Amino acid sequence: QVQLVESGGGLVQPGGSLRLSCAASGSFFSINNMGWYRQAPGKQRELVATISSGGRTNYGDSVKGRFTISRDNAKNTVYLQMNSLKPEDTAVYYCNVGTLSSLYRAPEDWWGQGTQVTVSS
């Protein structure tokens, strides 16, 4: 089992910044991709950003140039720096981590519980 603990969500005014963190713990052989997705009320979950074990990043079109994803492999933690926030960024943000299991080296996919980000004046 892998546990993901997210933090950093909250209420921020338009144009403001927030930083999300997601720490992975538990039993696994290695962590592969880490990422963030979000889901607004009445909408499907969408990609925000992902980062590979080698540091290659990928961003959703709506956040390019404003959000930055990074990871600390020593801490098994992924971060999302969100700048120039807009009301349309309001959503529940979910951490996603791909691992190889410790026993069979099988790929597994894990989700955090979600953290609310609200952008409003």
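Preceding this section is the structure that the text describes.
Predicted, not measured: the structure shown is a model, and the values here were computed from it.

Participant: How would you explain the pairing of strand β7 (residues 67–72) if you had to name every residue and give the values?
Facilitator: Residues Phe 67, Ile 69 and Arg 71 of β7 are buried on one face, while the alternating residues Thr 68, Ser 70 and Asp 72, pointing to the opposite face, are not. Hairpin connection, β7 to strand β8 (residues 77–82): the antiparallel pair is bridged by four residues, and Asn 76 has positive phi, about 50°.

Participant: Could you give an account of the sheet that holds strand β3 (residues 18–26), with specific residues and numbers?
Facilitator: An order of β1-β3-β8-β7 is seen for the four strands of this open sheet, with the pairing classed as antiparallel. The sheet is open, and its two borders are formed by β1 (2–7) and β7, each paired with just one other strand. Across the sheet, the mean angle separating the axes of adjacent strands is 15° when strand polarity is ignored. Taken together, the six bridges between β1 and β3 define a ladder with antiparallel strand orientation. Bridge assignment links Gln 3 to a residue of β3, and that residue is Ser 25.

So, how was this worked out
Residues numbered from 1 in each chain as written. Predicted model: local features only at pLDDT ≥ 70, side-chain atom pairs only at ≥ 80, totals over all residues. Heavy atoms only, no water. Buried < 20%, exposed > 50% of the residue type's maximum accessible area, 1.4 Å probe, protein only. Helix = DSSP H or I, 4+ residues; strand = E, 2+ residues; numbered from the N terminus. Pairing = 2+ DSSP bridges. Axes fitted to C-alpha atoms, helices over the stretch in contact; angles between N-to-C directions.

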